[in-house]
Amino acid sequence: MKELHYLNKYFIKYKYRFLLGIVITIVAQIFSLFIPKLVGQSMNIIDTYIKNPINDTSMIKKELLVSLGLIIGATIIAGFLTFLMRQTLIVMSRHVEFDLKNEVFQQYERLSQSFYKRNRTGDLMNRISEDVGKVRMYVGPAVMYTINTIIRFAIVIVYMYNVSPTLTLYTILPLPLLSYFIFKLSVEINNRSRIYQENLSSLSSFSQEMFSGIRVIKAYALEGQNKKEFNNLAQESRDKNMSLAFVNALFGPLMILLIGLSNLVVIYFGGMMYVNGTIENIGTIAEFILYVNMLTWPVASIGWVSSLVQEAEASQKRINEFLKIEPDIKNHNPNHDSIQGSIAFKNVSFTYEDTNIQALKNISFEVKKGETLAILGKTGSGKSTILSLICRLYDVENGSITMDGKKLADLNLHDLRNSIGIVPQDAFLFSDSIKNNIKFGKEEATDMEVIEAAKQAIVHDNIINFKNQYETVLGERGITLSGGQKQRVSIARAIIKDPEILLFDDCLSAVDTETEEQILNNLFQICKNKTTLIVSHRVSSAKNADKIIILEEGEIIQQGTHFQLLNREGYYKELYLKQLSEKELS
Ligand SMILES: Nc1ncnc2c1ncn2[C@@H]1O[C@H](COP(=O)(O)OP(=O)(O)OP(=O)(O)O)[C@@H](O)[C@H]1O
């Protein structure tokens, strides 16, 4: 139960609802307990008539009708109160579920990039859906049935004891057995259901990946192979489900068997006691049979609830592990910083912890506010890493990175990231309208601003050719943009933000050179007062920059302006000549 203590704060938060739920449960139990008493009384009326038959039965009929009316009344009130009990306690658990989901999600948002590399998306999704769902079963049904059981037990046993202590003892004797069997069965159901869930998650991961890669699958004609793999997984899933269905099917009959057993005990011992005169009224037996039936579910629920608590404990443990993780990148400065955009790297070396790859070696350069720096180099030479470090997705341990003369780590993290507009290499767009995708950079942007940004990114003409224009939905249920269109929407998103620093990570690779030229001309105007870093493989993207650095295996091998570098033998000149001849050829 240690891990579940974490949830106490939610019980405190919803204490009034919780207390109300307990009060309603007590009142509901009291009303439901009138019923056996009234049934017992009715039986006694009949018993008295059988023992002393009279001609005028109208009195008996009247008494029976009154009893019947009272039974119906008590049943309706008890039913309504049970409904209210669920409305308070189960609804409270839904509130806790909502709060906990939000808490986990907020924690996900806080955590750094490295966390996402260590954990699989499926696991993250499971925490927020499956695990939170299991915890809710503890906060809701488990707590509700425990309260219900305790209250019902306390009241019923007192009632029964007052009527006949001996028969009470016989009645409750088989109940621990019932609870034990139900517990064992619930544990087995949970185990099999976990195995089935795991299998189901492999099946859905496989399908999800297949749908995402459907183009490659079709192009390589791999449908048959995939079908076979899917079939195997689906068969496994079916077998697991059947084994789960088997134990599930035992639950009902086992309950009925054990309830029947308890009833037999009451009938047998109650009958014997009636015969030898230990109990006076036959109605007592009927009353006890109803008590037994009222007790069996709460007793059975002890077993079921214990397995729910076990499950919830395991789930909360996993959730707590995530909630306790501190992000690697923390904000050390609560005060606001106004960022100008002068960036300086001094002897920066950087190694990715997980892969142990040294991406940067002793890098030093400076970009002043309003300047443009182009970074060129072979693939894997460390260009994107420089941009990641500027966004403080990782902290450096060797060397220093400063912004406006202040260490990056000493700046307010939110202000730093807010001052940056980044266009990543793999332009990610959300399954939303084009307009909202662009507005992601500035939520309050007007339609005019959206159109203006799209025009600057040379994607406006493409957008207005779509049937729904800026309202066109992208992604799974919408249209698929071409690589170049995606890149340009992503550029528009950065432009609309109007940040102090713009970082373009090889984001023109999928557009033709003519469009590239147009975009670069526009960017040249937009970026006049902004610090701009352009990562590229093309000289055309770099030639107008104030400074160009060339990276090779994490080291700067050349730096200077376009003309300075053209006058030196080396990577840049070779690249220029190669790309020039390619252009001439085309
Ligand atoms: N998130 C990461 N975790 C671990 N290693 C990484 C990560 N990102 C990059 N690397 C490694 O660091 C090195 C530099 O990668 P980086 O992405 O900075 O190169 P790049 O010059 O931008 O390459 P490209 O031109 O192909 O985009 C590579 O060897 C890469 O495998």
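Procedures and definitions
Counting restarts for each chain: residues are numbered from 1 in the order of the written sequence. At least 70 in pLDDT is required for a residue's local features to be given in this predicted model, at least 80 for side-chain atom pairs to be given and counted, and no such filter applies to totals for whole chains, interfaces and linings, which use all residues. UniProt positions are given in the numbering used here, feature names are shortened, and annotations may be inferred rather than shown by experiment. Secondary structure elements follow DSSP: runs of H or I no shorter than four residues count as helices, runs of E no shorter than two count as strands, and numbering proceeds from the N terminus. Values of the radius of gyration come from C-alpha atoms, whereas the globule rule sets the reference at 2.2 Å times the count of residues to the power 0.38. Counting other C-beta atoms within 10 Å of a residue's own tells you its class, since 20 or more makes it buried, 12 or fewer makes it exposed, and anything in between is partly exposed; those C-beta atoms are placed from the backbone. Note on contacts: residues are paired as contacts if their backbone-placed C-beta atoms lie within 7 Å. Placing a C-beta atom from the backbone of each residue, we mark the residue near a molecule or strand if the atom is within 6 Å of it. We define a nonpolar core as a collection of buried residues of the types Ala, Val, Leu, Ile, Met, Phe, Trp, Tyr and Cys that are connected via C-beta atoms lying within 7 Å of each other. Expected helix span is given by 1.5 Å per residue-to-residue step, counting one fewer step than there are residues. One bridge is not enough; two strands pair if DSSP finds at least two bridges between them. To obtain each axis, a line is fitted to C-alpha atoms, and for helices this fit is confined to the stretch in contact; angles are then taken between N-to-C directions over 0 to 180 degrees. Orientation is classified from the angle alone, with under 35 degrees giving roughly parallel, over 145 giving roughly antiparallel, 65 to 115 giving roughly perpendicular, and any other angle giving oblique. Here is the rule for handedness: rotate from the far helix to the near one, and if that takes an anticlockwise turn smaller than a right angle the crossing is left-handed, while a clockwise turn gives right-handed. Lys, Arg, Asp and Glu make up the charged group, whereas Ala, Val, Leu, Ile, Met, Phe, Trp, Tyr, Cys and Pro make up the nonpolar group; the residues left over, Gly among them, are polar. Comment: arc refers to directions from the helix axis out to C-beta atoms.

As recorded by an unreviewed UniProt entry, the protein chain carries the name ATP-binding cassette subfamily B protein and is attributed to Flavobacterium lacus. According to its UniProt record, the protein chain has this under Subcellular location (unreviewed entry): "Cell membrane".

*Asks:* How should I be thinking about the overall build of the protein chain in this particular structure?
*Replies:* From N to C terminus, the protein chain includes 21 helices and ten strands. Whereas a compact globule of 586 residues would reach a radius of gyration of roughly 25 Å, the protein chain reaches 36 Å, over 25% beyond that. Seen along its three principal axes, the alpha-carbon backbone of the protein chain occupies a region of about 125 × 60 × 45 Å. Within the span of the protein chain, comprising 586 residues, buried residues form 31% of the whole. A fraction of 79% describes how many contacts in the protein chain between residues 6 or more apart in sequence connect residues 24 or more apart.

*Asks:* How do you make sense of the site of the ligand when you look at a structure like this?
*Replies:* As a structural note, the neighbourhood of the ligand is formed by 15 residues, with Tyr352, Thr379, Lys383, Ser384 and Thr385 the closest of them. Here the shell around the ligand gets three residues from one element, more than from any other, and that element is helix H12 (residues 383-390).

*Asks:* How should I be thinking about the nonpolar core in this particular structure?
*Replies:* Within soluble globular proteins, side chains that are nonpolar tend to cluster in buried spots. Formed by 67 residues in total, the largest nonpolar core has its most connected members in Ile375, Ala457, Ala492, Leu503 and Ile548. Beyond its immediate chain neighbours, meaning those up to four positions away, Ala492 contacts Ile438, Ala453, Ala454, Gln456, Ala457 and Val459. Val156, Ile182, Leu258 and Leu308 belong to the second-largest nonpolar core, a separate cluster that totals 45 residues.

*Asks:* Hey, could you run me through helix H10 (residues 223-275) in this one?
*Replies:* Helical geometry: 3.6 residues make up each α-helical turn, so side chains three or four residues apart lie on a common side. Here H10 is 53 residues long and its end C-alpha atoms lie 77 Å apart, about the 78 Å a rise of 1.5 Å per residue gives. Burial in H10 covers these residues: Leu244, Leu258, Ser262, Val266, Phe269 and Gly270. If you follow the buried residues of H10, they end up packed against helix H7 (165-172), helix H8 (175-212) and helix H11 (283-324). Immediately downstream of H10, the backbone of Gly277 shows phi near 85°, a positive value.

*Asks:* Quick question: what am I supposed to make of the environment of Pro174 here?
*Replies:* You can see Pro174 is positioned in the loop between H7 and H8. Assessed through the 20 C-beta atoms surrounding it within 10 Å, Pro174 is described here as buried. Between the alpha carbons of Pro174 and His5 there is a distance of 33 Å; along the sequence they are 169 residues apart. Setting aside residues no more than four positions away along its own chain, Pro174 makes contact with Leu258, Leu261, Ser262 and Val265.

*Asks:* How should I be thinking about the sheet that holds strand S6 (residues 420-423) in this particular structure?
*Replies:* Pairing between sheet strands relies on hydrogen bonds along the backbone, with the strands arranged either parallel or antiparallel. In space, the six strands of this open sheet follow the order S6-S7-S8-S3-S9-S10, with mixed pairing throughout. Taken across any chain shown, the strands that pair with only one partner, and hence form the sheet edges, are S6 and strand S10 (555-560). Each adjacent strand pair in this sheet contributes to an overall mean axis angle of 15°, direction not counted. As paired elements, S6 and strand S7 (residues 501-505) share four bridges and run parallel to each other. Note on S7: the bridge partner recorded for Ile420 is Ile501. Along the sheet, helix H17 (residues 483-497) makes contact with S6 and S7, crossing S6 at roughly 175°.

*Asks:* Honestly, the packing of helix H4 (residues 58-110) against helix H6 (residues 121-163) in this entry has me stumped. Any pointers?
*Replies:* If you want to describe how two helices pack, look at the angle between their axes and the distance between the axes. Packing of H4 against H6 brings their axes to within 9 Å, and their N-to-C directions diverge by 155°. As far as their axial angle goes, H6 and H4 are roughly antiparallel. Note that H4 runs across H6; the crossing there is right-handed. Across the interface between the two elements, Met85, Leu89, Ile90, Ser93, Val96, Glu97, Leu100, Lys101, Val104, Phe105 and Tyr108 of H4 pack against Leu124, Arg127, Ile128, Val132, Val135, Arg136, Val139, Gly140, Val143 and Met144 of H6. A breakdown of the residues in the contact of H4 with H6 according to their chemical character gives 15 nonpolar, two polar and four charged.

*Asks:* Help me understand the pairing of strand S8 (residues 531-536) in this model?
*Replies:* Every other side chain in a regular strand lies on the same face of the sheet, so the side chains alternate between the two faces. S8 sits mainly inside the fold: six of its six residues count as buried. Of the two faces of S8, both are covered, the one formed by Thr531, Leu533 and Val535 as well as the one formed by Thr532, Ile534 and Ser536. Pairing geometry for strand S3 (residues 372-377) and S8, over five bridges, is parallel. From the neighbouring strand, Ala374 faces S8, where its bridge partner is Ile534.

*Asks:* Is there a simple way to think about helix H15 (residues 447-456) in this case?
*Replies:* Among all positions of H15, only Val450, Ala453, Ala454 and Gln456 are buried. Here the buried residues of H15 occupy an arc of 160° about the axis, which is enough to place them on one side. Of the residues in H15, the exposed ones pointing more than 90 degrees away from the buried face are Asp447 and Met448. At its buried positions, H15 is contacted by helix H14 (434-439), helix H16 (460-464), H17 and helix H18 (513-526). Two residues or fewer after H15 comes Ile458, characterised by a positive phi angle close to 55°.

*Asks:* Explanation requested: the sheet that holds strand S1 (residues 343-351) in the structure shown.
*Replies:* The strand order S2-S1-S4-S5 describes an open sheet built from four strands, whose pairing is antiparallel. The open sheet has two edge strands with one neighbour each: strand S2 (358-367) and strand S5 (406-407).

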